[in-house]
2 protein chains.
Amino acid sequence: MVLYIIGLGLADEQDITLKGLNAVKSSSQIYLESYTSILMVHDFKQRLEELYGKEVTLAHRETVELEADSILYSASSSNVSFLVVGDPLSATTHTDLILRARTSQPPVPVKIIHNASITTAIGSSGLAGYNFGQTVSIPFWTSDWKPDSWLERIGENMRIGCHTLALGDIKVREQSIEDMSRGIVRYQPPRYMLIPQLITQLLSAAASHKVDYLDADKTLAIALCRMGSEDERILSGTLAELLAIASPSPEEARREEQEDDEDEMASEAELEARRAKRAEERAKRVYGQPLHSLVIVGARLHPLEREYASTFKVPGSKWDQVAREAYKCKE
Amino acid sequence: MVLYIIGLGLADEQDITLKGLNAVKSSSQIYLESYTSILMVHDFKQRLEELYGKEVTLAHRETVELEADSILYSASSSNVSFLVVGDPLSATTHTDLILRARTSQPPVPVKIIHNASITTAIGSSGLAGYNFGQTVSIPFWTSDWKPDSWLERIGENMRIGCHTLALGDIKVREQSIEDMSRGIVRYQPPRYMLIPQLITQLLSAAASHKVDYLDADKTLAIALCRMGSEDERILSGTLAELLAIASPSPEEARREEQEDDEDEMASEAELEARRAKRAEERAKRVYGQPLHSLVIVGARLHPLEREYASTFKVPGSKWDQVAREAYKCKE
């Protein structure tokens, strides 16, 4: 029988293709991979089950690694569907399962059903797919772990004038270091990187490496939020503008600081958590719920790209001026 | 009402998403863009019409440019669907229509429904999307027009170790220069670049520019043919191997040359056409019908990528040896 590896597309259960849906309906077992991305609707597992009229099993990273043999064994006697949000093979995450299927005895036939992913949705920014260089992933920084090898990748793109798609980190089923050290299996709430944090890390890495290709006021970018969903949001501007629009006004900042000062019982950790929560709420007010990605515009910006993406610019943006002066993009 | 710009996905009418199909069914007019790509099934217009239960109008480049106003006028009073093979916004081809819709008075709401395109299907090669640089398009050369600016783009990718997706040219509704000069509106049969011609142009451009990043025997590549279709074909090897597999054997070559020599009535042009036809047939025997694309492997080749793509290697290929020696890819 067949192991189907099926892309669910960008946003909700209606983004599956007819071919994908037929494959699911022909399958006796259906796994939903749940560690590289998410569907952007509530109760998505139930919505899938309702559409398919079948039970769907959430497959965590451990499940897939530990139960690969049992998944393949099922696929030897009946069709099995393995669902992945977006396109199923955008990363090499699932190549191990596929290789094992192909090399098992007898081999399990594998069929890939592709779908849209954020790498196709970038077209909605108005920038041409041809002008994009390599894609980068921006991981969450912690106080003592700030990986930034992605910065050099952006540099490689920028030096040849290419745009960069920067994907915000996704953390699901994370365990805290405290729990892990005590042997407690308990998962943290899922976390998704939002635009302001992504830009903050970009600028911080750029500053500490003193690079010349990222500048808060001279680098244009386009925030792509919840692409393909009903409340998709696209905003363009300089990095500084995209950050400012989700920052507190001076008055708000003053009021919040005063609130914090007056709460004398709060520990520094509590205050820190409170500030992070406020920042997250502001980010979601402007950019919506996750998933968020950012396109960093390269020097090859074409007038048609500039014009289209300009329709998304934040109020008061210097988009066109920066395009003209820093990017030398013709009107 | 809404102007839907809908991706049809890779191969046939079953690759549309449920969301896309619903949009089509809600539309009073349905256009199928027919100049940037094709569905890889016979009678695709009829198959779409059968699935939708509605008439589909083929939209040629002229139609869209000339009738944009009438398309937008229709969309002001009822839903209109504009179908594009693959993802609808992979190139900026349709941004003009969308911009006009957004800026018309009153504006026509536009909704993009994304889908898989060849840029998502590259995952089937076993190479990670993250490791791809910019995509290039390889246009058909003629005897006196051999554009090769795409070579420098490949070089930019190769120098930073990135893989390159090279798309073969598509020519539909082309007019011959003779017809055009006589004012005759008559179209040539559609032409699609096949793998051997694509590789031949690559190597020829590389030789004439004396570049060091493309070498028939030391550059690995993966042919992606009819991706997403029932008869999808993926073959990997060095550029020379991928070319050789569609070349005549010495015996065949001798026999064909003899045939040509014996046909004393044939003009040089006829012989040329005959040779081209033989080459095309051989290419299709090995790689299948169009559409064909080629992935040129960059230095960043990862052992997992090497292993997966190795499952597609042509008989007798030095894939693993070249990966080890020229790419320094660990076993």
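A brief structural summary. (Residues numbered from 1 in each chain as written. Chains lettered and ligands numbered in written order. Predicted model: local features only at pLDDT ≥ 70, side-chain atom pairs only at ≥ 80, totals over all residues. Heavy atoms only, no water.)

1. A look at a negative patch on the surface
All names here are of chain A. Judged by side-chain charge, Glu257, Asp261, Glu262 and Glu264 come together as a negatively charged surface patch. Assignment of secondary structure puts Glu257 in helix H10 (residues 250-262). When its relative accessible area of 52% is taken as the criterion, Glu257 is described as exposed. (Patch = residues over 30% accessible without salt bridge, like charges linked within 9 Å, V, L, I, M, F, W, Y side chains within 5 Å. Areas by Shrake-Rupley, 256 points an atom, 1.4 Å probe, with all protein chains shown as cover. Salt bridge = Lys/Arg side-chain N within 4 Å of Asp/Glu carboxyl O. Lys, Arg positive; Asp, Glu negative; His and termini not counted. Charge placed at Lys NZ, Arg CZ, Asp CG, Glu CD. Helix = DSSP H or I, 4+ residues; strand = E, 2+ residues; numbered from the N terminus. Buried < 20%, exposed > 50% of the residue type's maximum accessible area, 1.4 Å probe, protein only.)

2. Regarding the packing of aromatic side chains
Note on aromatic pairs: each is described by the distance of the centres and the angle between the planes. All names here are of chain A. Enumeration over the complete set of coordinates arrives at 4 aromatic pairs over all chains. Ring geometry for Trp141 against Trp150: centres 6.3 Å apart, planes inclined by 35 degrees, an arrangement best described as tilted. We classify Trp141 as buried; its relative accessible area is 16%. Accessibility expressed as a relative area gives 5% for Trp150, which makes it buried. Here the guanidinium or amino end of Arg191 rests over the ring plane of Phe140, the centre of that ring lying 4.2 Å away. (Phe/Tyr/Trp six-rings, centres within 6.5 Å; stacked < 30°, edge-to-face > 60°. Lys NZ or Arg CZ within 6 Å of the ring centre and 35° of its normal.)

3. Points about the relation of the copies chain B and chain A
When chain B is fitted to chain A, the best match, at an RMSD of 0.0 Å, comes from turning it 180 degrees and sliding it 0.0 Å along the axis. Read as a symmetry element, the transformation amounts to a two-fold axis. When the interface residues of chain B are mapped onto chain A, 100% of them are again interface residues, pointing to one common binding face. (Least-squares fit on C-alpha atoms with pLDDT ≥ 70 in both. Contact = heavy atoms within 4.5 Å.)

4. Brief notes about the interface of chain B and chain A
Taken residue by residue, the interface counts 58 residues in chain B and 58 residues in chain A. Both sides together, the interface formed by chain B and chain A hides about 4500 Å², and carbon and sulfur atoms give 58% of it. A per-residue breakdown of the area chain B buries against chain A is headed by B:Leu18, B:Tyr130 and B:Tyr308, which together make up 16% of the total. Across the contact surface, chain B and chain A share 8 salt bridges. Residue A:Arg300 pairs with B:Glu156 through a salt bridge whose shortest N-O separation is 3.3 Å. Here chain B is connected to chain A by 19 residue pairs in polar contact (both at pLDDT 80 or more). (Buried area = accessible area lost by both parts, 1.4 Å probe. Polar contact = N/O pair within 3.5 Å; in protein donor to acceptor, adjacent residues only side chain to side chain.)

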